Amino acid sequence: MRYPSLLAGVAGTAAILLLAACGSSSSSAPSSSGNSSSSSAAAGSSSSSSSGSFLACMVTDTGGINDKSFNQSAWQGMQEAAAANSGITIRNIQSIPPNTDYARNIATFIGEKCGIIVTVGFLMADATQTAAQQNPSQDFAIVDNAYSPQIKNVDALVFNTVQDGFLGGYLAAGMSKSGKVATFGGQELPTVTIYMDGFWDGVQYYNKQHHTNVSVLGWDEQTQKGSFTGDFTNETKGQTVTQTFISEGADIIFPVAGNVGLGAAKAVQQADAQGGKVNMLWVDTDGCVSAAQYCQYFISSVTKGIQASVKTAVLSAAGDDFKGGNYVGTLANGGVVLSPFHDFASKVPASLQAELKTIETGIENGSIPTPTKSPVG
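Residues numbered from 1 in each chain as written. Predicted model: local features only at pLDDT ≥ 70, side-chain atom pairs only at ≥ 80, totals over all residues. Heavy atoms only, no water.

A. Layout of the overall build of the protein chain. Secondary structure summary: the protein chain contains eleven helices and 14 strands in total. Relative to its 377 residues, the protein chain shows a buried fraction of 57%. Surface accessibility of the protein chain: about 14,500 Å² in total, with carbon and sulfur atoms responsible for 48%. (Helix = DSSP H or I, 4+ residues; strand = E, 2+ residues; numbered from the N terminus. Buried < 20%, exposed > 50% of the residue type's maximum accessible area, 1.4 Å probe, protein only. Areas by Shrake-Rupley, 256 points an atom, 1.4 Å probe, with all protein chains shown as cover.)

B. Region of interest: the nonpolar core. Grouped together as the largest cluster of nonpolar side chains are 65 residues, with contacts concentrated most on Met78, Ile116, Leu171, Val310 and Val314. Setting aside residues up to four positions removed in sequence, Val314 forms contacts with Phe54, Ala56, Met78, Ala81, Ile88, Ile116 and Val118. (Core = buried A, V, L, I, M, F, W, Y, C linked by side-chain atoms within 4.5 Å. Contact = heavy atoms within 4.5 Å.)

C. Examining the pairing of strand 12 (residues 298-304) more closely. The buried fraction of strand 12 is high, at seven of seven residues. Note that strand 11 (residues 279-284) and strand 12 share five bridges and pair parallel. Residue pairing for strand 12: Val283 is matched across the bridge by Val302. Summarising the sheet, strand 12 and strand 14 (residues 336-338) pair through three bridges and their orientation is antiparallel. Bridge pairing in strand 14 places Val302 opposite Leu338. (Pairing = 2+ DSSP bridges.)

D. Quick look at the side chain of Gln163. Tracing the chain through its elements places Gln163 in helix 5 (residues 162-175). Sequence-distant contacts of Gln163, defined by excluding residues within four places in its chain, comprise Thr330, Leu331, Val336 and Ile363.

E. How the structure looks around the sheet that holds strand 1 (residues 54-59). Spatial strand order, 2-1-3-4-5-13: six strands in an open sheet with parallel pairing. The two strands at the open ends of the sheet, each matched to only one other strand, are strand 2 (88-93) and strand 13 (325-329). Neighbouring strand axes in the sheet, compared pairwise and without regard to direction, differ in orientation by 20° on average. Note that strand 1 and strand 3 (residues 116-120) share four bridges and pair parallel. Paired with Met58 across the bridge in strand 3 is Val118. Each of strand 1, strand 2 and strand 3 touches helix 2 (residues 70-84); the most contacted strand, strand 2, lies at about 160° to it. (Axes fitted to C-alpha atoms, helices over the stretch in contact; angles between N-to-C directions.)

F. Looking closely at the pairing of strand 13. Among the five residues of strand 13, five are classified as buried, and the element is accordingly described as predominantly covered. Burial of strand 13 is two-sided: the residues Gly325, Tyr327 and Gly329 facing one way and the residues Asn326 and Val328 facing the other way are all buried. Two strands pair when backbone bridges link them, and strand 5 (residues 154-159) and strand 13 are joined in this way by five bridges, in the parallel orientation. For Leu157, the partnering residue across the bridge sits in strand 13 and is Tyr327.

Structure below.
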């Protein structure tokens, strides 16, 4: 089993998990547009979220706040914080490719005297670090990146998704009829490949336990080689790569690609209309909630608690109880989870559901190792 080091300049996934294993997190766990500032009065947000005196601001990564994935989850966390505290106003700036200009977007919110600035995505690691170090009295939170050493004014929110990715891989292998499953990523980033590592290893573990030979298309955890569309926005690319996997015999698809995954869902839907028996797993959020139109194809979703952790970070800052450091979401603390089966509740065999529970316990207590689990701690 491979244990890659992903620390390069700023802490990557392996270093994140090392911090977690050694108990170094100082951040509290979560409770159970264009390049211009946008109003907090997004659809469904309460009036109280735009009338308060504490300004909480969010810089999205590409894909925007309706990406059905990590940006949307983070914005929902902002909205929940505003709903819970009428003194909070929320705003966001969307980073639009190709000139995302994360640093300028962050600087805009520093100029607007935001009480906390939440940045979303691993790609904003450097810009967030620079801004935090240049503005030590400004509170920040970042989704999907941690720092070593920790930065006192950054609440870094990361998630050990290799764990629920492992469960997703085991589930996919157990539900596959063709003996082939597939995964692909948006951009080749540690926060993407950690999901794919877990998925790949979950399939291998299923093969070991059941003496089967389910294969994974699109990724090899041992060589770290696989399929990527190159972005998180182009649904057509997701549709195309998924159609290729289906033509090669894969009957369960796991896109780790944000909005691109909607293209994968469309390909699965088309295959179903043509008589194919293809299903999929969603990523980051519960797909039956965020992309309900495709729920009938989602066996489950491999999710992380972005929404709850962002809400906690904003409320802590608004309550003058901000704590920087690295928070790591795990199966044990509820920060990562395999979502309910929804339409597949009666289709996933009871024996497979029981195996997943046993494996979850094994991952939590360390008896079942996962690909990026730190060998020390």
